[in-house]
Amino acid sequence: TGLAVGMGAGPVLLLLLAASTVMPAKDSLLNVCMDAKHHKTKPGPEGKLHDQCAPWKDNACCTANTSSEAHKDQSNLYNFNWNHCGVMPPKCKRHFIQDTCLYECSPNLGPWIDQVDSSWRRERILHVPLCKEDCEEWWEDCKDFVTCKENWHKGWNWATGTNRCPWGSMCRPFSQVFPRPKDLCEKIWSNSYKYTTEHRGSGRCIQMWFDPAQGNPNVVVAKYYAWKKRSSPAWVEDVIPDANKAARALAWPVLVLLPLALVVVPGGAGGCGSHGWGSL
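As annotated in an unreviewed UniProt entry, the protein carries the name FOLR2 protein and is attributed to Cochlearius cochlearius. Its UniProt record, at the heading Sequence similarities (unreviewed entry), says of the protein: "Belongs to the folate receptor family."

K.L.:
So what's going on with the state of the cysteines? Which residues, and what values?
P.N.:
The bond known as a disulfide is covalent and runs between the sulfur atoms of two cysteines. Counted by the stated rule, this structure contains eight disulfides. Sulfur-sulfur distance for the disulfide between Cys-85 and Cys-171 comes to 2.0 Å. Every disulfide takes its handedness from the sign of the S-S torsion; for Cys-85 and Cys-171 that torsion is -80°, giving left-handed. Of this pair, Cys-85 sits in the loop between helix 2 (64–69) and helix 3 (90–105) while Cys-171 is found in the loop between strand 4 (146–147) and strand 5 (172–173), placing the two residues 86 residues apart along the sequence. Owing to a relative accessible area of 10%, Cys-85 belongs among the buried residues under this scheme. We classify Cys-171 as partly exposed; its relative accessible area is 42%. Through a disulfide, Cys-92 is tied to Cys-142; the S-S separation comes to 2.1 Å. Looking along the S-S bond of the Cys-92-Cys-142 disulfide, the torsion reads about 105°, which is the right-handed sense. One end of the pair, Cys-92, is in helix 3; the other, Cys-142, is in helix 4 (residues 132–142), and 50 residues separate them in sequence.

K.L.:
Tell me about the packing of aromatic side chains, residues and numbers included.
P.N.:
Tallied over the entire structure, the rule returns 19 aromatic pairs. Judged by centre distance (5.3 Å) and plane angle (65°), the rings of Phe-80 and Trp-82 are edge-to-face. Across the pair, exposure class does not vary: Phe-80 and Trp-82 are buried alike. Seen from their ring centres, Trp-82 and Phe-96 are 5.2 Å apart, and the 40° between their planes marks the pair as tilted. With Trp-82 in the loop between helix 2 and helix 3 and Phe-96 in helix 3, this pair connects stretches of sequence that are 14 residues apart. For Trp-82, a relative accessible area of 7% puts it in the buried group. Directly above the ring of Trp-156 sits Lys-149, whose terminal nitrogen or CZ lies 5.5 Å from the centroid. Residue placement shows Arg-204 over the ring face of Tyr-224; its charged tip is 3.5 Å from the ring centre.

K.L.:
An account of the nonpolar core is requested, with residue identities and associated values reported.
P.N.:
Core analysis: the largest hydrophobic core is formed by 51 residues, its most contacted members being Phe-96, Trp-138, Trp-152 and Trp-189. At the level of secondary structure, the elements contributing two or more residues to this core comprise helix 3, strand 3 (128–130), helix 4, helix 5 (174–177), helix 6 (181–187), strand 6 (193–195) and helix 7 (218–230). Contact partners of Phe-96, with chain neighbours within four places excluded, come to Trp-82, Met-88, Trp-138, Cys-142, Trp-152, Phe-174, Ile-188 and Trp-189.

K.L.:
How would you explain the pattern of salt bridges if you had to name every residue and give the values?
P.N.:
Applying the stated criterion across every chain yields a total of eleven salt bridges. Of the charged contacts, one joins Lys-143 and Glu-140 as a salt bridge, the two residues approaching to 2.8 Å between their closest N and O atoms. For Glu-186, the salt bridge goes to Lys-182, with nearest N and O atoms at 3.1 Å. Highlighted residues: Glu-186 and Lys-182, both in helix 6, separated by four residues, approximately one helical turn. A relative accessible area of 14% means that Glu-186 is categorised as buried. One salt-bridge network, in which partners are shared between bridges, spans Glu-150, Arg-180, Asp-183 and Lys-187.

K.L.:
A description of unusual backbone geometry should follow, citing residues and the corresponding values.
P.N.:
Note: most peptide bonds trans; most residues except glycine with negative phi. Here Asn-31, not a glycine, exhibits a phi torsion of approximately 55°, which is positive. For Asn-31, the position within the fold is in the loop between helix 1 (2–22) and helix 2. Positive phi outside glycine occurs at Asn-191, with the angle close to 65°. Checked against the element boundaries, Asn-191 lands in the loop between helix 6 and strand 6.

K.L.:
Just give me the short version of the environment of Ser-175, but keep the residues and values in it.
P.N.:
Within the fold, Ser-175 resides in helix 5. Put simply, Ser-175 and Asp-144 are 31 residues apart on the chain and 6.7 Å apart in space, counted from C-alpha to C-alpha. Residues in contact with Ser-175, not counting those within four places in the same chain, are Trp-139 and Lys-143.

Rules of the game
- Residues numbered from 1 in each chain as written.
- Predicted model: local features only at pLDDT ≥ 70, side-chain atom pairs only at ≥ 80, totals over all residues.
- Heavy atoms only, no water.
- UniProt positions renumbered as here; feature names shortened; annotations may be inferred.
- Disulfide = S-S within 2.5 Å.
- Helix = DSSP H or I, 4+ residues; strand = E, 2+ residues; numbered from the N terminus.
- Buried < 20%, exposed > 50% of the residue type's maximum accessible area, 1.4 Å probe, protein only.
- Phe/Tyr/Trp six-rings, centres within 6.5 Å; stacked < 30°, edge-to-face > 60°.
- Lys NZ or Arg CZ within 6 Å of the ring centre and 35° of its normal.
- Core = buried A, V, L, I, M, F, W, Y, C linked by side-chain atoms within 4.5 Å.
- Contact = heavy atoms within 4.5 Å.
- Salt bridge = Lys/Arg side-chain N within 4 Å of Asp/Glu carboxyl O.

Here you go:
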């Protein structure tokens, strides 16, 4: 009867919705390491990560040796010299160390991994949404340091084996090379980061700095953006433009799985048995 079908639909939809909440855990965008020069093939515990890289020790894509090298002025990681226009002040340098730790150690950058054709890495990060505070504090602590380049990824003079300012370039204050925090965060590493107005703890931006005692806040951020990437948010917005975020999050699995429910339900309660739910 129609009533029986209606009664059967509830449990089926609940089961389908339960399944939809499990699917993100299997997402290839989550808990992964990029294919780059010093990264492990998959994340895992590292008991002795050095100093500023320590927050990632419970689940890291970097090794202890990589974390130690990240703190050196002349690191063996990339032979990159922070002091190309004089000595970088400690309050500024700590942000570059933290940036390196995030890049090398974080298993939560999957939604922004991009393929590249490079001699030293096959993947990079692109447009990682950096929290407002992390970007602005980085700029504030470095604005009086001097540099000769806007993009530190390329264009250096490597004749001596380490990066030197290219011929004809001038050392200028950060505040001139990068007039705004947005300029620093987006331009210095070829758009690896994207400046956002989202705040720490919002679940919508990646933090370079966090207290590991409170857990890693970037786990939930990666899950959100992995879901967003997977679920075509522009399409969801068109379907339910006035719904709140929670409703939109629920609507996607419902709309996708509803046709399956309609197929399963007409067969009556038996649809959830070995030839229905059990076979999925």
